[in-house]
Amino acid sequence: MPNNISEMFSYRCADTPDAEAVVYLDKRWTWRELKSEVIALARMLNDAGVSKGDAVGVYFDHSFAQVVSIFAIAELGGIFTLISTHLKPEQVKSQVFDA
């Protein structure tokens, strides 16, 4: 049984690749499609220097991109911090430095 979000993600992708994974507005993605997006972003983040234990801020409104970001960071063993797009700039700065 999966022990963390990364293992859960891998398990679901392998177990039910064509099942619906994410529904956002009028668009739907399967686990296979989600995995493809997650792998692509994880590679980009890794190329940018993100690795296990690194904290990464996720600054998106609720969206498919936010879901992809969370799983990509988890795949690398990073730690994600959700940052609200509704915060004032000084609050965002504070949240980023406190993360």
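All values derive from a computational prediction rather than experimental measurement. (Residues numbered from 1 in each chain as written. Predicted model: local features only at pLDDT ≥ 70, side-chain atom pairs only at ≥ 80, totals over all residues. Heavy atoms only, no water.)

Asker: Explanation requested: the packing of aromatic side chains in the structure shown.
Answerer: The description of two aromatic rings rests on the distance between their centres and on the angle between their planes. This model, assessed by the stated rule, comprises three aromatic pairs. One aromatic cluster is present, built from ring pairs that chain together Phe 9, Trp 31 and Phe 71. (Phe/Tyr/Trp six-rings, centres within 6.5 Å; stacked < 30°, edge-to-face > 60°.)

Asker: Sorry if this is basic, but what is going on with the pattern of salt bridges here?
Answerer: Side chains that differ in sign of charge can pair as their charged atoms come close. Evaluation of the coordinates by the stated rule reveals two salt bridges. Residues Arg 32 and Asp 18 are paired through a salt bridge, measuring 2.9 Å at the closest nitrogen-oxygen approach. Here Asp 18 lies in the loop between helix H1 (5-15) and strand S1 (20-24) and Arg 32 lies in helix H2 (residues 31-47), a separation of 14 residues in the sequence. Under the relative-accessibility criterion, Asp 18 is labelled exposed at 54%. (Salt bridge = Lys/Arg side-chain N within 4 Å of Asp/Glu carboxyl O. Helix = DSSP H or I, 4+ residues; strand = E, 2+ residues; numbered from the N terminus. Buried < 20%, exposed > 50% of the residue type's maximum accessible area, 1.4 Å probe, protein only.)

Asker: It is not clear to me how the nonpolar core should be interpreted in this structure. Could you clarify?
Answerer: Considering soluble globular proteins, one finds that nonpolar side chains tend to be buried as a cluster. Ranked by size, the top nonpolar core spans 19 residues in total, and within it Phe 9, Leu 34, Val 38, Leu 45, Phe 64, Val 68 and Ala 72 carry the most contacts. Those residues in contact with Ala 72 that sit more than four places away from it in its chain are Val 38, Leu 41, Ala 42 and Leu 45. (Core = buried A, V, L, I, M, F, W, Y, C linked by side-chain atoms within 4.5 Å. Contact = heavy atoms within 4.5 Å.)

Asker: Would you explain a nonpolar patch on the surface in this entry?
Answerer: A grouping of Ile 5, Phe 80 and Leu 82 is seen on the molecular surface, where their side chains present a nonpolar patch of about 220 Å² in accessible area. Locating Leu 82 in the fold gives a position in strand S4 (residues 79-82). (Patch = residues over 30% accessible without salt bridge, like charges linked within 9 Å, V, L, I, M, F, W, Y side chains within 5 Å. Areas by Shrake-Rupley, 256 points an atom, 1.4 Å probe, with all protein chains shown as cover.)

Asker: Sorry, what's going on with unusual backbone geometry here?
Answerer: Generally, phi is negative for residues other than glycine and the peptide bonds are trans, each holding for most cases. Even without a glycine there, the phi angle at Leu 25 is positive, about 55°. You can call Leu 25 exposed: its relative accessible area is 71%.

Asker: Can you walk me through the packing of H1 against helix H3 (residues 64-75) in this structure?
Answerer: For any two helices packed against each other, one specifies the crossing angle of their axes together with the interaxial distance. Across the interface, H1 lies against H3 with an axial gap of 8 Å and an inter-helix angle of 110°. By the criterion of interaxial angle, the relationship of H1 to H3 is roughly perpendicular. When H1 is examined against H3, the residues Ile 5, Ser 6, Met 8, Phe 9 and Ser 10 are found in contact with a partner set consisting of Ile 70, Phe 71, Ala 74 and Glu 75. (Axes fitted to C-alpha atoms, helices over the stretch in contact; angles between N-to-C directions. Parallel < 35°, antiparallel > 145°, perpendicular 65-115°, else oblique.)

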